[in-house]
Amino acid sequence: MRIVVHGGAGHTGEVQDGVETAVDIGWKLLGDGADAVSAAVASVVVLEDDSRFNAGTGACLRADGSVQTDAAVACNDGRLGTISVLEDIANPVQVARLVMDEDFDALAGKGALDYARSRGITTTTVIGSEKPWAGDTVGAVAQDSSGAIAVASSTGGIRGRLAGRVGDTPHWGGGLWTDAGVGIAATGVGEAISRRLLCFRVARMMADGLSVQKALEWGIALYPPDIVIGLIALSDTEGAGFSNSSMPWALRQD
Ligand code: GLY
């Protein structure tokens, strides 16, 4: 079993304690027999509930002052659930988790909100964070005792971008990827991540024999230093996190 969690590319070490809390919650669940999806989602919920992070309650503001969030959950058994431009939900990753078990993969905007309500998720006013920068997307990748791997990510996007803009977080292959023996989550400038189909390409480097660490370094090296990017990943034998910026992250494994 193993789990790796990050608190967002560009965030500082001052919030490392929040990431440690999040990874410990997921790690304990795995130890108690929880599946990889439950562990990854639980870790991300901790970060969404901690307003120092750019997700859930601490999500950054759009150009019009609104708070719109994106989130994704995927399992290497083939399930994927994503939500985009979701408002008034404190834990968007829990909505993505529900979508994962539907016969569709993605919901956006009012439809996503109506769906969340219909599934019993409580709506609330999410004030978000007026901080100029509180890091980027948060995420977790977990592998349970059966060997299943799950990825969960959540974001407020990038401060000041247009309302309705969607970044990489719900972008399959760009912002997240999982398949046999691999799970990857990205954080950073969404357009740069999506255009390079980053997570899928890093997974291919792992399939070609690179270690997790070397594959992440390869992916980050695709970018100039002024484009903030970070990655976390697990294989069947190891886990790592890497960024061209500061990025609080933590790994637990047995
Ligand atoms: N990485 C999050 C975003 O660009 O929206």
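Predicted model only: the values in this text are computed from it and were never measured.

Engineer: Looking at this structure, how should I read the site of the ligand?
Structural biologist: Close to the ligand lie Asp136, Thr137, Thr155, Gly157, Ile158, Arg165, Gly167, Asp168, Thr169, Gly188 and Gly190, which account for all nearby residues. Thr137 has a polar side-chain atom sitting 3.0 Å from a nitrogen atom of the ligand. Summarising the interface, the protein chains cover 100% of the accessible area of the ligand, which totals 200 Å² for the free molecule. Of the residues assigned to the shell around the ligand, the class counts are 1 nonpolar, 7 polar and 3 charged.

Engineer: So what exactly am I meant to see when it comes to the sheet that holds strand 8 (residues 182–188) here?
Structural biologist: By way of backbone hydrogen bonds, the strands of a sheet pair with one another, either parallel or antiparallel. Taken together, the 4 strands give an open sheet; going across it, the order is 7-8-9-10, and neighbouring strands pair in antiparallel fashion. On the outer flanks of this sheet lie strand 7 (176–179) and strand 10 (239–243), each paired with one strand and no other. For this sheet the average axis-to-axis angle between neighbouring strands, irrespective of direction, equals 10°. As defined by bridge partners, strand 7 adjoins strand 8 across 4 bridges and the pair is classed as antiparallel. Bridged to Thr178 within strand 8 is Gly183. Strands strand 7, strand 8 and strand 9 (229–235) of the sheet are contacted by helix 6 (residues 198–207), whose axis makes an angle of about 140° with strand 8. Most of the contacts of helix 7 (residues 212–220) go to strand 10, to which it runs at about 20°, and overall it touches strand 9 and strand 10.

Engineer: Help me out: how do you make sense of the nonpolar core in this one?
Structural biologist: By size, the foremost hydrophobic cluster in this structure holds 40 residues, and its most contacted members are Val5, Val73, Ile83, Val93 and Val95. The contact partners of Val73, leaving out residues within four places of it in the chain, are Val37, Val41, Arg79, Leu80, Gly81, Val93, Ala96, Arg97, Met100, Val151, Ala152 and Leu176. Grouped together as the second largest cluster of nonpolar side chains are 20 residues, Trp177, Cys199, Tyr223 and Leu231 included.

Engineer: It is not clear to me how the pattern of salt bridges should be interpreted in this structure. Could you clarify?
Structural biologist: One side chain can pair with another of opposite charge once the charged atoms of both are near each other. For the coordinates displayed, the defined rule picks out 14 salt bridges. Between Glu102 and Arg119 there is a salt bridge whose closest N-O contact spans 3.0 Å. With Glu102 in the loop between helix 3 (92–99) and strand 4 (106–108) and Arg119 in the loop between helix 4 (109–118) and strand 5 (138–143), this pair connects stretches of sequence that are 17 residues apart. With a relative accessible area of 27%, Glu102 lands in the partly exposed category. Among the salt bridges present, the one from Asp114 reaches Lys110, with a minimum N-O distance of 2.7 Å. Taken together, the positions of Asp114 and Lys110, both in helix 4 and 4 residues apart, correspond to about one turn of that helix. On the basis of relative accessibility, which here comes to 32%, the residue Asp114 falls in the partly exposed class. When salt bridges that share partners are traced, they join Asp77, Arg79, Arg97 and Asp101 into one network.

Calculation rules
Residues numbered from 1 in each chain as written. Predicted model: local features only at pLDDT ≥ 70, side-chain atom pairs only at ≥ 80, totals over all residues. Heavy atoms only, no water. Near = heavy atom within 4 Å. Polar contact = N/O pair within 3.5 Å; in protein donor to acceptor, adjacent residues only side chain to side chain. Areas by Shrake-Rupley, 256 points an atom, 1.4 Å probe, with all protein chains shown as cover. Nonpolar A, V, L, I, M, F, W, Y, C, P; charged D, E, K, R; others polar. Pairing = 2+ DSSP bridges. Helix = DSSP H or I, 4+ residues; strand = E, 2+ residues; numbered from the N terminus. Axes fitted to C-alpha atoms, helices over the stretch in contact; angles between N-to-C directions. Contact = heavy atoms within 4.5 Å. Core = buried A, V, L, I, M, F, W, Y, C linked by side-chain atoms within 4.5 Å. Buried < 20%, exposed > 50% of the residue type's maximum accessible area, 1.4 Å probe, protein only. Salt bridge = Lys/Arg side-chain N within 4 Å of Asp/Glu carboxyl O.

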